[in-house]
Amino acid sequence: MADANMAERLYMRGMGYSHPEEKLFCHEGEIIRAETIKHYPPETKANPAWLYNRRPDKWRNRVEVKEEVTISQIPWEELKEITRQSVEKSLQKHQEFIEGRYARLGIQRDYSSD
């Protein structure tokens, strides 16, 4: 029952709706009651929610990608070599960074003690 009520309210918000309403006004100390019709325009955010749930085959807010992934084990020696190369490259990039900083600061580095 609750789901049906919510679906009805969502539908009404998406399409727009009107309902009778009583307004109270104060005029020269006197309270005046007026019967009016309250209008609610269609709510644009309600429309996608309705369509996503009612017609997911045609309306989606995401794209599903189906891909097969094959996982294979890397031999230990190959893994050690990949790690060694990665560490070596990182050290080289770090050294280039430090040398660039020294150059920008005008510092001469003495490599004779290395």
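Before reading further, recall that the structure is shown in the block above.
Residues numbered from 1 in each chain as written. Predicted model: local features only at pLDDT ≥ 70, side-chain atom pairs only at ≥ 80, totals over all residues. Heavy atoms only, no water.

**A word on the overall build of the chain**
Counting secondary structure elements, the chain contains three helices and two strands. Starting at the N terminus and walking to the C terminus, you meet the elements of the chain as α-β-β-α-α. In terms of C-alpha radius of gyration, the chain reaches 35 Å, well past the compact-globule figure of 13 Å for 114 residues. With the principal axes as the frame, the chain shows a C-alpha extent of 100 × 50 × 20 Å. (Helix = DSSP H or I, 4+ residues; strand = E, 2+ residues; numbered from the N terminus. Rg over C-alpha atoms; globule rule 2.2 N^0.38 Å.)

**What about the pairing of strand β1 (residues 17-27)?**
Here is the key point about a regular strand: its side chains alternate between the two faces of the sheet. The sheet contact formed by β1 and strand β2 (residues 30-40) spans eleven bridges and is antiparallel. Considered in β2, the bridge of Ser-18 is made with His-39. Adjacent in sequence and paired antiparallel, β1 and β2 are bridged by two residues, among which Glu-28 carries a positive phi angle near 50 degrees. (Pairing = 2+ DSSP bridges.)

**Quick look at the pattern of salt bridges**
In the structure shown here, the tally under the stated rule is six salt bridges. A salt bridge links Glu-43 to Arg-13; the shortest N-O distance between them is 3.2 Å. Of this pair, Glu-43 sits in the loop between β2 and α2 (46-54) while Arg-13 sits in helix α1 (residues 2-15), placing them 30 residues apart in sequence. Overall, Arg-13 belongs to the partly exposed group, its relative accessible area being 37%. Across the salt bridge formed by Arg-84 and Glu-88, the nearest N and O atoms sit 2.8 Å from each other. (Salt bridge = Lys/Arg side-chain N within 4 Å of Asp/Glu carboxyl O. Buried < 20%, exposed > 50% of the residue type's maximum accessible area, 1.4 Å probe, protein only.)

**Observations regarding unusual backbone geometry**
Within the chain, Glu-28 stands out as a residue other than glycine whose phi angle is a positive 50 degrees. Its place among the elements puts Glu-28 in the loop between β1 and β2. When its relative accessible area of 76% is taken as the criterion, Glu-28 is described as exposed.

Shape is all these values report; function is a separate question.
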